[in-house]
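# Geometric and topological summary
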Amino acid sequence: MINRVVSINMNIAAADVVHGIAGDIAGRLNEALPCDVVCECYNFCDIIEMVKEDVVTFDDETVVVIGVPSIRNRVPLPCITLLQRFMGRETMLVAIVTHEGRGYGNTLRELYGFVEAQGFKVVSAAAFVARQTENSIAKRFVVQRPDSRDFEMIKVFGTATTNKIKRLAGSEVELMRVKPAPLNFYVKRRSTVITVVGNIKRKDPEWFL
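Residues numbered from 1 in each chain as written. Predicted model: local features only at pLDDT ≥ 70, side-chain atom pairs only at ≥ 80, totals over all residues. Heavy atoms only, no water.

### Details of the pattern of salt bridges
In total, this model carries three salt bridges according to the counting rule given. Residue Arg-4 pairs with Glu-40 through a salt bridge whose shortest N-O separation is 3.2 Å. Note that Arg-4 is positioned in strand S1 (residues 4-9) and Glu-40 in strand S2 (residues 38-42), a separation of 36 residues in sequence. Judged by relative accessible area, Glu-40 falls into the partly exposed class, the value being 22%. The partner of Glu-110 in a salt bridge is Arg-74, and the shortest N-O contact between them spans 2.2 Å. Here Glu-110, found in helix H4 (residues 107-117), pairs with Arg-74, found in the loop between strand S4 (62-69) and helix H3 (77-83); they are 36 residues apart in sequence, far enough to count as distant. Accessibility expressed as a relative area gives 17% for Glu-110, which makes it buried. (Salt bridge = Lys/Arg side-chain N within 4 Å of Asp/Glu carboxyl O. Helix = DSSP H or I, 4+ residues; strand = E, 2+ residues; numbered from the N terminus. Buried < 20%, exposed > 50% of the residue type's maximum accessible area, 1.4 Å probe, protein only.)

Given below as structure tokens:
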């Protein structure tokens, strides 16, 4: 039974996105499960301390939410180095990528491959617009992101992910419980969704379940 949600955020400027998703999932699981579900949130500096001496392993009673920035449409090398220090034991994982509105290329696909190789089972994945650092050259364009509309979508994504986690965790069929269906971003897809709010074009989140 799930009793812990761990949020691992590698982009300090987007902490409210990654930790917000983890908190939303933990809160919804708390309402649905008979045990208390705790939520632990870690940022980049905390993560470096976590993996300084040993590999960190998560069990199948934990849901891990990992967020990385998209730099030139790839997972940055320092993030890859840290990801290699985390291991899962049939642990369900939510993969999150943040980008600055220019798209995220292969970042989400790469993150998916890295964490699956480390023993995690990806149950959902998403890409959200948020600036990458406090000194970002794109700061003036994304300073308002994530905004209220983004947070509404975070809640929708959190609800959908939680429902999937509950189905997988409660399944009596072993193969369904430990091996969720592959996410469909491996097929050819359109670029980041663009909507018009008022007269302003904006790139909205994409997610996969």
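### So, the pairing of S1
For S1, a buried count of five out of six residues is recorded, marking the element as mostly surrounded by other parts of the structure. In the sheet, S1 pairs with S2 via five bridges, with the strands oriented parallel. Residue pairing for S2: Arg-4 is matched across the bridge by Val-38. Note on the crossover from S1 through helix H1 (residues 15-32) to S2: the handedness is right-handed. (Pairing = 2+ DSSP bridges. Right-handed = clockwise from strand over helix to strand, strands pointing away.)

### Section: the packing of H1 against helix H6 (residues 148-169)
Taken N-terminus to C-terminus, the directions of H1 and H6 make an angle of 45 degrees; their axes are 9 Å apart at the nearest point. When the axes of H1 and H6 are compared, the pair comes out oblique. H6 is crossed by H1, and the crossing has right-handed handedness. Along its contact with H1, which presents Asp-16, Val-17, Gly-20, Ile-21, Asp-24, Ile-25, Arg-28, Leu-29 and Ala-32, the element H6 presents Phe-151, Ile-154, Lys-155, Phe-157, Gly-158, Thr-159, Thr-161, Thr-162, Ile-165 and Lys-166. (Axes fitted to C-alpha atoms, helices over the stretch in contact; angles between N-to-C directions. Parallel < 35°, antiparallel > 145°, perpendicular 65-115°, else oblique. Left-handed = near helix turned anticlockwise from the far one by under 90°. Contact = heavy atoms within 4.5 Å.)

### Concerning the side chain of His-19
Summarising the element assignment, His-19 is placed in helix H1. Separated by 2.6 Å, the side chains of His-19 and Ser-7 make a polar contact. (Polar contact = N/O pair within 3.5 Å; in protein donor to acceptor, adjacent residues only side chain to side chain.)

### Details of the packing of aromatic side chains
Evaluated as defined, the whole model comprises four aromatic pairs. Residues Phe-58 and Phe-120 carry aromatic rings whose centres are separated by 6.3 Å and whose planes lie at 45 degrees to one another, so their mutual orientation is tilted. With Phe-58 in strand S3 (residues 56-58) and Phe-120 in strand S7 (residues 120-129), the pair connects residues that are 62 residues apart, well separated along the chain. Among the aromatic residues, ring-to-ring pairing joins Phe-58, Phe-86 and Phe-120 into one connected group. (Phe/Tyr/Trp six-rings, centres within 6.5 Å; stacked < 30°, edge-to-face > 60°.)

### Some details on H4
Structurally, the α-helix is built with 3.6 residues per turn, so residues lying three or four positions apart point the same way. The complete set of buried residues in H4 reads Thr-107, Leu-108, Glu-110, Leu-111, Tyr-112 and Val-115. In the segment just after H4, Gly-119 is the residue with positive phi, at about 95 degrees.

Spatial relationships are all this shows, so hold off on functional conclusions.
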